[in-house]
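# Descriptive structure summary
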Amino acid sequence: MVTLGDYLLVSGMLFTIGFAGVMVRRNIVIILMSLELMLNAANLSLVAFSRYHVQPGGLPNYSAQIFVFFIITVAAAEVAVGLAIIVALYRARQTTHVEDINSLKF
Amino acid sequence: MPAYLFWPFALLMLVFGAAVVINRNPVASALSLVVSFLGLAALFMSLDAYFVGIIQVLVYAGAVMVLFLFIIMLLDLRVEKLRKINWVATTGGAVVALALLIQIFYVVGNFKAASQPFPPLTRSTIDDVHNIGSLLFSSYNLPFQVIGVLVLVATIGVVVLSKRELR
């Protein structure tokens, strides 16, 4: 029997993978991908809670799913802007390695 | 969706999620990300959230993955040269992530509702696009418009950032 706790644990593990990616990796594109993993881990726990809180009409709580819809929209916008910044940075410095980008002004 | 399909898809999602972080080749990372998100979409379906599952596939496996691959190929990122690994940063990051995982296990273990099965739905959610849509355009109308403005700002920002000369 799959319980709410199983979904929350899987969501937590996915979040931890994304978090470790942000902490450990030095390629800025991979860091952006790890950010996406963390956002989606949050989405999974939101949808699990939505399914857990069945409304009196016998339907899941759709407010959480609307929240997930907003998060997906924000994440897509964030990826677009983030990748545009990476392209601009690459034009200026010819690198995507965060340790090569350690000064605010050059 | 039957309950025994939960663990295969959860495992698929976690293994390919780890592959995103472990792979040194950015293209392999991006493709692992897609497989991970497909597993996640299957988990959404198992929670009777069909609309969110479909949106996940369309937006992530469709749009975001293409964007990532486009940027990787535009910048011509190759397999990273083996740099000297900064062991202090790597160990520190791994320890912090492990502490976070232990904390999550502890919190979920102490959470009373976590050990109970999901209550049954008395109505099918196969038409949840209709339900989400009517809620989105009534109770959540203002956030919906704000998100529209956000997307517009992101579009303009990307166009400005992508200009050849930044001033």
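What chain B contains, in helices and strands, is six helices and zero strands. From first element to last, N terminus to C terminus, chain B shows the α and β order α-α-α-α-α-α. Computed over the C-alpha atoms, the radius of gyration of chain B is 21 Å, more than 25% above the 15 Å expected from 2.2 N^0.38 for a compact globule of 167 residues. Summarising its shape, the C-alpha atoms of chain B cover approximately 55 × 40 × 25 Å along the three principal directions. Counting every position in chain B, which comprises 167 residues, the buried fraction comes to 23%. For chain B, the proportion of contacts with a sequence separation of at least 24, taken over those separated by at least 6, is 56%.

Before going further, it helps to spend a moment on the interface of chain B and chain A. Counting from both sides, the interface comprises 71 residues of chain B and, opposite them, 61 residues of chain A. Those elements giving two or more residues to the side of chain B that touches chain A turn out to be α1 (6-22), α2 (26-46), α3 (50-75), α4 (87-109), α5 (128-138) and α6 (141-161) of chain B. In terms of residues, the side of chain B that touches chain A owes the most to one element, α3(B), which gives 12 residues.

Moving on, we come to the domain arrangement of chain B. Domain annotation of chain B identifies domain 1 (1-82), domain 2 (84-118) and domain 3 (128-167). For domain 1 of chain B versus domain 3 of chain B, the separation of C-alpha centres amounts to 23 Å.

We now examine the confidence of the model for chain B. Residues and elements named next belong to chain B. In this model, chain B carries an average pLDDT of 88, and 95% of its residues clear a pLDDT of 70 or more. Averaged over each element, pLDDT in chain B is lowest for α3 (90) and highest for α6 (94). What the predictor reports for the complex is a pTM of 0.91 with an ipTM of 0.90.

All names here are of chain B. For α2, which comprises 21 residues, the first-to-last C-alpha distance of 30 Å matches the rise-based estimate of 30 Å (1.5 Å per residue) to within 8%. When you tally the buried positions in α2, you get 15 out of 21 residues, the bulk of the element. In the segment just after α2, D48 is the residue with positive phi, at about 60 degrees.

Okay, the nonpolar core next. Of all hydrophobic cores here, the largest spans 59 residues; its most connected members are A:L14, A:M33, A:L44, A:V47, A:A48, B:L43 and B:F44. Here the element with the most residues in this core is helix α2 (residues 28-52) of chain A; it accounts for 13 residues. Excluding residues that lie within four positions of it along the chain, A:A48 makes contacts with A:L4, A:Y7, A:L8, A:S11 and B:L47.

Okay, the packing of α1(B) against α2(B) next. All names here are of chain B. Contact geometry for α1 and α2: axes closest at 8 Å, N-to-C directions at 155 degrees. On the basis of their axis angle, the class for α1 and α2 is roughly antiparallel. Judged by the twist between their axes, the crossing of α1 over α2 is left-handed. From α1, F6, F9, A10, L12, M13, F16, G17, A19 and V20 reach across to α2, where they touch S29, S32, L33, V35, S36, G39, L40, A42, L43 and S46. Looking at side-chain class alone, the contact of α1 with α2 contains 13 nonpolar, six polar and no charged residues.

About the criteria used
- Residues numbered from 1 in each chain as written.
- Chains lettered and ligands numbered in written order.
- Predicted model: local features only at pLDDT ≥ 70, side-chain atom pairs only at ≥ 80, totals over all residues.
- Helix = DSSP H or I, 4+ residues; strand = E, 2+ residues; numbered from the N terminus.
- Rg over C-alpha atoms; globule rule 2.2 N^0.38 Å.
- Buried ≥ 20, exposed ≤ 12 C-beta atoms within 10 Å, placed from the backbone.
- Contact = placed C-beta atoms within 7 Å.
- Domains from an automatic or database assignment.
- pLDDT = per-residue confidence, 0-100.
- Expected span 1.5 Å × (residues − 1).
- Core = buried A, V, L, I, M, F, W, Y, C linked by C-beta atoms within 7 Å.
- Axes fitted to C-alpha atoms, helices over the stretch in contact; angles between N-to-C directions.
- Parallel < 35°, antiparallel > 145°, perpendicular 65-115°, else oblique.
- Left-handed = near helix turned anticlockwise from the far one by under 90°.
- Nonpolar A, V, L, I, M, F, W, Y, C, P; charged D, E, K, R; others polar.

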